[in-house]
Amino acid sequence: MREDIKERIELIKCGKVPEGYKKTKLGIIPKDWEIVRVEDVLEKVDNPVEVKADAEYTQIGIRSHGKGIFYKEPVIGKELGNKRVFWVEPDCFVVNIVFAWERAVARTTYKDKGMIASHRFPMYRVKSDKLNLDYAVIYFLSERGKQTMEFASPGGAGRNRTLGLDRFMKSQIILPPVDKQIEIVKIMNCIDLNIEMQEHLISLYDECKEWVIEQLVTGKKRLPNLRGKWSEKKLSEVLIERKEYAIKGTEYTHVTLSKEGIFPKTMRYNRDHLVKKEDKEYKITKLNDICYNPANLKFGVICKNNFGEAIFSPIYVTYEVYKGNNAGFVSHYIKRPNFINSVRKYEEGTVYERMSVKSSDFTKAIVQFPEEYEQKQISDIIDVFEKKGQLLKKKRELLELQKKALFHIYITGVVY
C-alpha cells in the first residue's frame, strides 16, 4: 500500500481531516462527494400483474450476501391466490425486504423480463444522473450500505427485521461523482471476474481429482511398476469399530465431524474439554481412525481422523484400521460418492433427514484392495492432488479478503 494512503487512513482513524476531504455527519469523505437521500436518486417501480388463473408464472427470489437473483419453480395463476405480484422491470435496483439487512440486493436485467415478484421484492429505477445503477448495488453490498439497510430495518433478528420502505427512502447515502462511480464499478467487476474464474478452476480441478481417485483406488488405472495382486474382502476385514468411551472427569478435546474432517467444537461452540460427571458418555476417536456420521453419510460426512485422540458424540462411528492396510487409502476409497451411494441401500428410517446407515451394515461392503505398499503409493499421490485443491481454495479466500478490503477503501473514498 502506498505511504500516502496509509497516512490518510491513520488520519481518518484519528478523526482528522486529510487535505482534499471534509467532515460530515456520515464521516470524513472527499470534498467532491455528496450526501443525498435515497428518494432523490431512486424511484419505486410498480407494474402490477393481472393474474390469470390458467397462465404460468415464474417468480424471482434474491439470495443474501449479494448472491443475486434466482428463479423459483413456475406456478399457474390460481396457485398464487390473492398474492400481490408485479412484473419484473429490467435495469432496476431490487431488494428483499425481509433480508435487506443481510445484503439481499441485486440488479434486474433484460433476462428477468417476464418474471414476476411479490411485494417483498420492491424495485427502484434510477431517476438522477448523480447515481449509476451498478454502483447502487455495490454501495448496498458494502459495509456502509449494510448499515443503512440495518438502520431502515428495525426489529429483532431474522424475519422480524423487515425493511421499512419509507425509512429506506429517507436514508442518506454518500455518492462520489458519477464518473468515479463507474470507475469503482469496473474495478469491482474485475475482482468479481477473477473470483469467478478461480471458482471455475476449483470446480474443474475437483472433477479431475474425483476421476483420478476413482481410477486409482478401484484399480482401473495402475501405477507404473506396481503389478501386485488385489484381493477381494469384506470391509469388516479392514475396519474394526472402536467402542472406547471417555472416563468421566478426564480431559479430552471435544471435536465434531464434517466432510472436511475433524475439528474442535470450540471453533463453533463455547465448550470446555472436561468430561463432567453429569455429561453423557463420549466416544473416543484416535489418530488415523475412519469416522462417519450414520445420519449424514448421504451428505458425505465421512473422513480420516487427522486431528488426534479426542472425544465426540456417541452418534458418530469411529473405526480402527486393521494392520496391513493404509488408513489414507481406505479413507479415499470410502469417501467416494460411488461407495457412499452403494452402502446407502442399507439406510433405515422414515424421514429423509433421519435415514442412517448402521455400522454393521456399513462394513458389509465388498471391496478389492491391493497390498499395503501399493495402497500407500496411491494414497500419497491422492494427497498431493488434495493439497493442490486446498491451495486453490485458499487463493479464492484471499481474493475474497482482497475484495472486502478494496470495497471498503473505494466506497469510503480513502482511495479515489
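Residues numbered from 1 in each chain as written. Predicted model: local features only at pLDDT ≥ 70, side-chain atom pairs only at ≥ 80, totals over all residues. Heavy atoms only, no water.

A.B. asks: Any details on the packing of helix H7 (residues 178-217) against helix H11 (residues 372-411)? Residues and values, ideally.
C.D. replies: Relative placement of two packed helices is described by the angle separating their axes and the distance separating the axes. Taken N-terminus to C-terminus, the directions of H7 and H11 make an angle of 170 degrees; their axes are 10 Å apart at the nearest point. With respect to H11, the axis of H7 lies roughly antiparallel. As H7 packs across H11, the resulting crossing turns out to be left-handed. Partitioned by chemical class, the residues of the contact of H7 with H11 number 23 nonpolar, three polar and eleven charged. (Axes fitted to C-alpha atoms, helices over the stretch in contact; angles between N-to-C directions. Helix = DSSP H or I, 4+ residues; strand = E, 2+ residues; numbered from the N terminus. Parallel < 35°, antiparallel > 145°, perpendicular 65-115°, else oblique. Left-handed = near helix turned anticlockwise from the far one by under 90°. Nonpolar A, V, L, I, M, F, W, Y, C, P; charged D, E, K, R; others polar.)

A.B. asks: Break down the packing of helix H4 (residues 133-141) against helix H5 (residues 143-151) for me, with residues and values.
C.D. replies: Following both chains from N to C, one finds H4 and H5 inclined at 75 degrees, their axes separated by 4 Å at the closest point. On the basis of the axis angle, H4 is roughly perpendicular to H5. On H5, the residues touching Tyr139, Phe140 and Leu141 of H4 are Glu143, Arg144, Gly145, Lys146, Thr148 and Met149. The residue makeup of the contact of H4 with H5, split by class, is four nonpolar, two polar and three charged. (Contact = heavy atoms within 4.5 Å.)

A.B. asks: Please give an account of the sheet that holds strand S4 (residues 42-45) that cites residues and values.
C.D. replies: In space, the four strands of this open sheet follow the order S4-S13-S10-S11, with antiparallel pairing throughout. Edge strands, defined here as strands with exactly one partner in the open sheet, are S4 and strand S11 (105-107). Between one strand and the next, the sheet's axes are offset by a mean angle of 30 degrees, whatever the strand orientation. In this sheet, strand S13 (residues 123-126) lies alongside strand S10 (residues 93-95) in antiparallel orientation, the contact comprising two bridges. Bridge pairing in S13 links Val94 to Met123. Across the sheet, H4 touches S10, S11 and S13, and the angle it forms with S11 is around 165 degrees. (Pairing = 2+ DSSP bridges.)

A.B. asks: A description of the pairing of strand S2 (residues 27-30) should follow, citing residues and the corresponding values.
C.D. replies: On a regular strand, one side chain projects to one face of the sheet and the next to the other, so that they alternate. With four bridges connecting them, strand S1 (residues 21-24) and S2 associate as antiparallel partners. When the sheet's bridge partners are listed, Lys22 is paired in S2 with Ile29. The turn linking S1 back onto S2 is made up of two residues.

A.B. asks: Describe in detail the sheet that holds strand S16 (residues 239-241), supporting the description with residues and values.
C.D. replies: Taken together, four strands build an open sheet; the order of strands is S16-S23-S20-S21 and the sheet is antiparallel. Of all strands in the sheet, those bounded by a partner on one side alone are S16 and strand S21 (302-304). Each neighbouring strand pair of the sheet contributes to a mean axis angle of 30 degrees, computed without reference to strand direction. As judged from the three bridges shared by S16 and strand S23 (residues 317-321), these two strands associate in the antiparallel manner. Directly across from Ile240, in S23, lies its bridge partner Glu320. Strands S16, strand S20 (290-292), S21 and S23 of the sheet are contacted by helix H8 (residues 327-334), whose axis makes an angle of about 165 degrees with S21.

A.B. asks: Outline unusual backbone geometry, listing residues and values.
C.D. replies: A positive phi angle is found at His65, which is not glycine, with a value near 60 degrees. Looking at where His65 falls in the secondary structure, it is placed in the loop between strand S6 (60-63) and strand S7 (68-71).

A.B. asks: If you had to explain the pattern of salt bridges to someone new, which residues and values would you point to?
C.D. replies: Under the definition given, this model contains 25 salt bridges. When salt bridges that share partners are traced, they join Arg242, Glu244, Lys286, Asp289 and Glu320 into one network. (Salt bridge = Lys/Arg side-chain N within 4 Å of Asp/Glu carboxyl O.)

The analysis is restricted to geometry; functional conclusions fall outside its scope.
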